[in-house]
Amino acid sequence: MAKKIYNFKPGPATLPDEVMQKAQDEFTDYQGQGYGIAEESHRSKTFQEIMDKTQNNIRELLGIGDDYAVLFLQGGASLQFSMLPMNLMLDGKPACYADTGSWASKAIKEAKLFGDVNVVYSGKEKNYSEIGDPHSWQIPADASYCYVCTNNTIFGTQLRSLPDTGNVPVIADMSSDIFSRPINMDNYDVIFAGAQKNLGPAGVTLVVMRKDLAERTKDTVPTMLAYPTHIEKNSLFNTPPTFAIYMVGLMTDWIKKQGGLEGMEKLTNAKSNSLYEYIDSSSFYTGTAEPADRSTMNVCLRLPTEELEQKFLKESEEAGLLGLKGHRSVGGIRVSIYNGMPLQGVEKLIDFMSEFEKANS
Ligand SMILES: *Cc1c(COP(=O)(O)O)cnc(C)c1O
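Cut-off values and rules
- The residue numbers shown here count from 1 along each chain, following its written sequence.
- Restriction of local features to residues with pLDDT of at least 70 applies here, the model being predicted, together with a cutoff of 80 or more for giving and counting side-chain atom pairs; totals for whole chains, interfaces and linings are based on all residues.
- Each side-chain value is derived from all of the structure's non-hydrogen atoms; neither hydrogens nor water enter the calculation.
- A single heavy atom is enough: if one lies within 4 Å of a molecule or strand, its residue is considered near that molecule or strand.
- Polar contact criterion, stated in full: a pair of N or O atoms within 3.5 Å, where within protein one must be able to donate a hydrogen and the other to accept it, and residues adjacent in sequence count only if both atoms are side-chain atoms.
- Each accessible area is a Shrake-Rupley result for a 1.4 Å probe, and residues are judged covered by the shown protein chains and nothing else.
- With a 1 Å grid laid over protein atoms only, a set of points is called a cavity when a 1.4 Å probe fits there but cannot get out and a pocket when it is open yet has protein on both sides within 12 Å along at least five of seven lines; lining residues have an atom within 4 Å of a point.
- Pocket or cavity membership: a molecule qualifies when more than half of its atoms sit within 2 Å of the grid points of that site.
- Runs of H or I in DSSP of at least four residues are treated as helices and runs of E of at least two as strands, each being numbered from the N terminus.
- Classification convention: Asp, Glu, Lys, Arg as charged; Ala, Val, Leu, Ile, Met, Phe, Trp, Tyr, Cys, Pro as nonpolar; all other residues, Gly among them, as polar.
- For salt bridges, the criterion is a side-chain nitrogen of Lys or Arg within 4 Å of an Asp or Glu carboxyl oxygen.
- Each residue's exposure class comes from its accessible area (1.4 Å probe, protein chains only) as a fraction of the maximum for that residue type: buried when under 20%, exposed when over 50%, partly exposed otherwise.
- Criterion used throughout: strands pair if DSSP finds at least two bridges between them.
- Pairs of residues are marked as contacts when any of their non-hydrogen atoms sit within 4.5 Å.
- For every element, the axis is a line fit to its C-alpha atoms; helices are fit only across the contacting stretch, and the angle between N-to-C directions ranges from 0 to 180 degrees.
- A pair of Phe, Tyr and Trp rings is counted when the ring centres sit within 6.5 Å of each other, with Trp represented by its six-membered ring. The angle between the planes then sorts it: under 30 degrees is stacked, over 60 is edge-to-face, the rest tilted.

1. As for the site of the ligand
What surrounds the ligand is a group of 13 residues, the closest being S78, T153, D173, Q196 and K197. Contact distances for the ligand include 2.9 Å between an oxygen atom and a side-chain N or O atom of Q196. Taking 390 Å² as the accessible area of the ligand by itself, protein coverage stands at 87%. Among the cavities detected, the one that contains the ligand is the largest pocket. Here the element with the most residues in the shell around the ligand is helix α3 (residues 76-88); it accounts for four residues. Here the residues of the shell around the ligand are counted per class, giving four nonpolar, seven polar and two charged.

2. Side note on the pattern of salt bridges
Throughout the structure, instances matching the rule amount to 15 salt bridges. For K4, the salt bridge identified is with D17, shortest N-O distance 3.4 Å. Pair noted here: K4 is in the segment before β1 (6-7) and D17 is in helix α1 (residues 17-27), with a separation of 13 residues, a long-range link. Taking relative accessible area as the criterion, K4 reaches 37% and is therefore assigned partly exposed. Ionic pairing is found between K311 and E315, a salt bridge with its closest N-O pair at 3.9 Å. Of this pair, K311 and E315 both sit in helix α8 (residues 306-318), four residues apart, which is roughly one turn of the helix.

3. Thoughts on the sheet that holds strand β12 (residues 298-302)
Across the sheet, three strands lie side by side as β11-β12-β14; this open sheet has antiparallel pairing. Sheet topology places β11 (286-287) and β14 (333-336) at the edges, where each strand pairs with a single neighbour. Where β11 meets β12, two bridges bridge the pair, whose relative direction is antiparallel. Across the sheet, residue G287 finds its bridge partner in β12, namely L301. Of the strands in this sheet, β11, β12 and β14 are in contact with helix α7 (residues 260-281), which crosses β12 at around 15°.

4. Looking at the packing of aromatic side chains
Think of a pair of aromatic rings as described by two things: how far the centres are apart, and how the planes are tilted against each other in angle. Tallied over the full model, the rule gives 17 aromatic pairs. Here the aromatic rings of Y30 and Y246 are separated by 6.0 Å at their centres, their planes lie at 85°, and the arrangement is edge-to-face. Taken together, the residues span a long stretch of sequence, with Y30 in the loop between α1 and α2 (45-62) and Y246 in helix α6 (residues 242-257) at a distance of 216 residues. Classification of Y246 as buried rests on a relative accessible area of 3%. Ring geometry for F81 and F192: centres 6.4 Å apart, planes at 75°, overall edge-to-face. Taken together, the residues F81 in helix α3 and F192 in strand β9 (residues 190-194) connect sequence positions 111 residues apart.

5. What to know about the environment of I108
For I108, the position within the fold is in helix α4 (residues 102-111). Linking I108 and N118, residues 10 residues apart in sequence, is a C-alpha distance of 9.2 Å. Those residues in contact with I108, other than ones at most four positions away along the chain, are Y97, D99, V117 and V119.

Following this line, the structure appears as structure tokens:
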């Protein structure tokens, strides 16, 4: 076999070997039926079983009941930036947004197309290197909803608590940290995530929504963009991304096997703690995010010079450690350690970093 590659790309991202192997085993012949899932009708009993299992896995991991819908939609997390305000903004009631990074900024831009937006926090002036204390954000009692992004993929910061919203519904973009730690759904009315970082391949977006919120949707919202359409038809109004949903099914089976979200949190912390401990102990590498807010999923750092960063990227790639280049808007190094990254990958990276430091400082 070729040398082991560890893929630290920021998304689409690495998936567990076990999940990829199972998909390969079943690719051309799903459970003895003689053809694969990508070739199966979305109206078949076989696919319905996959859908039911996947939704049940998600309900079990989140500890939610029938008052929430579990939807598989298309258009990426980015379409949710528009669908959410289009469906859930109430006339004359502002929507509150925390601008904690590029993805939140994009969501704000879309929301402004549909009504008043109240930006309750902005990290822009500090180049989104910190989030601060969400309890200090002022959320008016009549707000349509309060929107947060729980992990800022590009800047490597993560939300550790929620603002005090009272009865105002909370919506969270969890695209880059979903199922990496326990989620108390009593605190969230909508969570959503493009699957391609923590949950499976690209092509499907998970939306978990309190069903009564969807009663806000007006008749003027186009059918495909209206949540009630997808809730009523259980994500089968039109052809859903069947293969991507199947992969999310395998991924959620795997997460359950790791001990559910508590088990995932142990793995997440083992990976991120060892990396941050190493960075903190080194004077060669510098983390860019404020320590209290730094992400367990995307670890952003700088080297003493940009020339050394180029050299680091070249040599790490040669060592089989891929995808470490920071986002083009911030530069530097970004280590994405989503759910699919094993602890061994992080250990190998730390060994490499340590050798590189010795050779270059
Ligand atoms: C990657 C990402 C997105 C964009 O997802 P798409 O599925 O490409 O639209 C949105 N939000 C966050 C936090 C992300 O990390």
